[in-house]
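One-letter residues, chain by chain:
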Amino acid sequence: MRSLVRVLILAVLLGAANVVGVSAHAEEVPEANPFSGDAKAIREGRSWFRNACANCHGGRADGQGERGTGADLRKFNKGFKDFVTIVLDGRQVQGRIQGMPGWRGVLSMEDIYRIGAYLETLAIEGANWK
Amino acid sequence: MKHKATGLALKSVVAAMATAGLVGLVQAGPVSDAMLGAEAGESWLHANGNWAGHRFSTLNQIDNKNAGQLKLAWAVSTGGKTDAMATPIYHDGLLYFPQDNKVFAISADDGSIVWKYEHTLPEDWGGYNVPFFTGKHRGVAISGDHVYFLSNDNKLHALHYKTGKAKFVKDYQDKGLPYPKDFSKAQDSNGYVSTVGPLAIPGAILLPMNATDTGGLPGYVLAASPENGEMLWKANMIPVKGEEGYDTWPEGSHEYGGAGPWIVGSYDPELKMYFTGTANAYEWNPKNRGGGEMDNVGAASIVAVDTTNGKAVWRYVGVPGDPWDYDIPQTPMVINIDGKKTIVQPNKTGYIHHLDARTGKFLKADKFVDKVTWIKGYDSNGRPVGMVPLPEEGGDPVEVWPGLLGGTNMYPSAYNPKSGNIHIPAAESGMKYGFEDIKVIANVRHFGAYQEFIWGDEIDKAVNVKTGKEVWRDVQKGKPGYAGGMLTTAGGITVYTTQSGHFKVVDEASGKVLYDVKLGTAAKSGPMTFMHKGKQMIVQALGGQAQFGRDEILKTEFGHGIYAFTR
């Protein structure tokens, strides 16, 4: 009986989430990166990037990592919210084993924003973080 | 987990082989210890050709006078979805090739897939480095009636060489070798990934458990019974208490120190010793393992193991304290030089190390790339001298040459005993390298370091083993990366495929290009050769992602293929 109640509560919550347009995973992602330009957050984001991302994306974020080929993040142009979604869900490359793992439940939302704030500082022509 | 082998018209292939007169050749039937100990010629039974890791064939039907007449005999694709890293082996009419946790038996007649064996990884397989490693294998072994395959989740599969039917599948998790698990769900997602192929020696199949920097683990080589896969011994690359070198690590750091045995390794039947090159110390940032001041023996080392008991006989550390992620994961070739059994290893440091095979005593280190800045050289005891100061954590990165991809990488070199030349898939490249604080998630320790590559040219070259002098070089101008590995033969030829997919046959002595055809995608494995129905064939497997995304420069794309050439 208790489990049925839990299922019902969950269903209501998910339904509510859909109504307000939040993703199915119920992360509340702000429209803009709250850490943009925040020096302390950028420093911490850089540290996370160099630990968790640079293996594939390279120390320069140019897509030349020791562990293969990530996207060139200096040119990232999909905007902040898509950046967060990609980090959470990862990316599969059709026909290949190697892709980007999802970081949902591994990195905190704040640390993902901090990584984004750092990457904004590396942006080159054509990049879009809005 | 599912395992299945599919027989594809096996009977007709066997019948065709019998008709052609193959049955009854010395090299047909089960593989004996004597066959395993022979030089590569009619067959190619080890990933690197012979136990000594020479990648040399005694065949001379294709030679430096007729190599220009090579023709494509056949091509086949395994549909690979990541890098093809294995050198195929050949026995009794069939080639054996692992890819994406499958093993393919391929007819040397026409490239037909005769049987295929598939292994499914566990459902909770995962972790952030796992997409990089999954599906890569650097070889299979053969002994008796069976082909031995080590899947990414560290299981040994014994497959009948004619049918692919599994005699056993052995798991070593209960020996302290977990596989990595999905880090968003598991409390402890750290685990071993095997990407190296096994080596068959008399009475044992040696299993290098290599990918230790998926979160920080100590490297081991296991010996398994060919009959049932039971573990015979487990050799630790990092010294345990009581062994020499234990005190070169801070207390507690041994257990996450890395040192994965990254290559198939070599074996000497007289010494009964196995030799391997080990990966970097972990974490990359050395702050928890002595800050570069302690030697961290066992990591970035050549380790010799007594195969009668699994004990390390000696360990030579090529990069003490390994602060550069150099590791020295290259095949330690066993070469007789002036009557002395010598370990010769061209490696990431930019030097060819020579050690006494019996004792590990350092003999010399010959520089083989043009630009080396991380040290000024090695002293007479084999210790680096004049190393550049390490970067400060969080500070600016430091430029060093070679970069962490090395003067040469894991792609195997070859040795030609007729000329005394070593053939090396080398490159000139550097890096900027910096340290960060170390993050830990789900018991996965991250690198705490990062690199910015400085690309240079791929340079394939021959170096005389005795003098250390370069004999010739083939510069792939403006094209970074490494050839997939080298083959050299008694016919006076050396064969390699460049990172940009050019299959080249050159004169072994002069480097003169005798045959060059672009195969269209990147090479990450070396060529091999064998005799089939009276004709020498050269086979090159290639495919995957061009070195670190350099498709644009190399004018290639992701692809896969196995190509057989003959006259």
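Residues numbered from 1 in each chain as written. Chains lettered and ligands numbered in written order. Predicted model: local features only at pLDDT ≥ 70, side-chain atom pairs only at ≥ 80, totals over all residues. Heavy atoms only, no water.

(A) Here's a closer look at empty space enclosed by the protein. Scanning the entire structure with this criterion turns up three cavities of 30 Å³ or more. Volume-wise, the largest cavity comes out at about 150 Å³. (1 Å grid on protein atoms, 1.4 Å probe; cavity = no way out; pocket = protein on both sides within 12 Å on 5 of 7 lines; lining within 4 Å. Points joined across faces, edges and corners; volume = space filled by probe spheres on them.)

(B) Structural context of the environment of D182(B). All names here are of chain B. Residue position: D182 is located in the loop between β11 (166-170) and β12 (199-201). In sequence terms D182 and V76 are 106 residues apart; their C-alpha atoms lie 34 Å from each other. Residues in contact with D182, not counting those within four places in the same chain, are D124, W125, G126, G127 and S189. (Helix = DSSP H or I, 4+ residues; strand = E, 2+ residues; numbered from the N terminus. Contact = heavy atoms within 4.5 Å.)

(C) Spatial organisation of the sheet that holds strand β2 (residues 56-57) of chain B. Residues and elements named next belong to chain B. The strand order across the open sheet formed by five strands is β2-β35-β36-β37-β38, and the pairing between neighbours is mixed. The open sheet has two edge strands with one neighbour each: β2 and β38 (513-518). Where strand β37 (residues 502-507) lies against β38, five bridges are found, and the strand directions are antiparallel. Considered in β38, the bridge of V505 is made with Y515. (Pairing = 2+ DSSP bridges.)

(D) Summary view of the interface of chain A and chain B. Listed per partner, the contact involves 30 residues of chain A and 38 residues of chain B. Taken together, both faces of the contact between chain A and chain B bury some 3,100 Å²; the carbon and sulfur share is 53%. Interface area lost by chain A to chain B is led by E66(A), R67(A) and I97(A), which between them contribute 23%. Between chain A and chain B we count five salt bridges in total. Of the charged contacts in the structure, one is a salt bridge between E44(A) and K439(B), with a shortest N-O distance of 2.5 Å. Counting the contacts that link chain A with chain B gives 18 residue pairs in polar contact (both at pLDDT 80 or more). Residues of the side of chain A that touches chain B, tallied by class, amount to eight nonpolar, 13 polar and nine charged. (Buried area = accessible area lost by both parts, 1.4 Å probe. Salt bridge = Lys/Arg side-chain N within 4 Å of Asp/Glu carboxyl O. Polar contact = N/O pair within 3.5 Å; in protein donor to acceptor, adjacent residues only side chain to side chain. Nonpolar A, V, L, I, M, F, W, Y, C, P; charged D, E, K, R; others polar.)

(E) Local environment of the packing of aromatic side chains. Residue and element names in this part refer to chain B. Scanning all chains against the criterion turns up 30 aromatic pairs over all chains. Of the aromatic side chains, those joined through ring pairs into one cluster are Y282, W284, W324, Y433, F435 and F447. Above the face of the F132 ring, K136 is positioned so that its terminal group lies 3.8 Å from the ring centre. (Phe/Tyr/Trp six-rings, centres within 6.5 Å; stacked < 30°, edge-to-face > 60°. Lys NZ or Arg CZ within 6 Å of the ring centre and 35° of its normal.)

(F) Highlighting the environment of Y496(B). Residues and elements named next belong to chain B. Residue placement: Y496 occurs in strand β36 (residues 493-497). In this structure, the C-alpha to C-alpha distance between Y496 and N66, residues 430 residues apart in sequence, is 17 Å. Not counting residues within four places of it along the chain, the set of residues in contact with Y496 comprises D460, W472, D474, A483, G485, M486, H502, F503, K504, V506 and P527. Engagement of the side chain of Y496 in a polar contact is seen with the side chain of D474, the distance being 2.7 Å.

(G) Examining the confidence of the model for chain B more closely. Residue and element names in this part refer to chain B. Mean pLDDT over chain B: 93, with 95% of residues reaching 70 or higher. Across residues 9-25, where pLDDT falls below 50, the model places 14 contacts with residues more than four positions away in sequence or in other chains. On the interface metric, ipTM, the complex scores 0.87, and its pTM is 0.92. (pLDDT = per-residue confidence, 0-100.)

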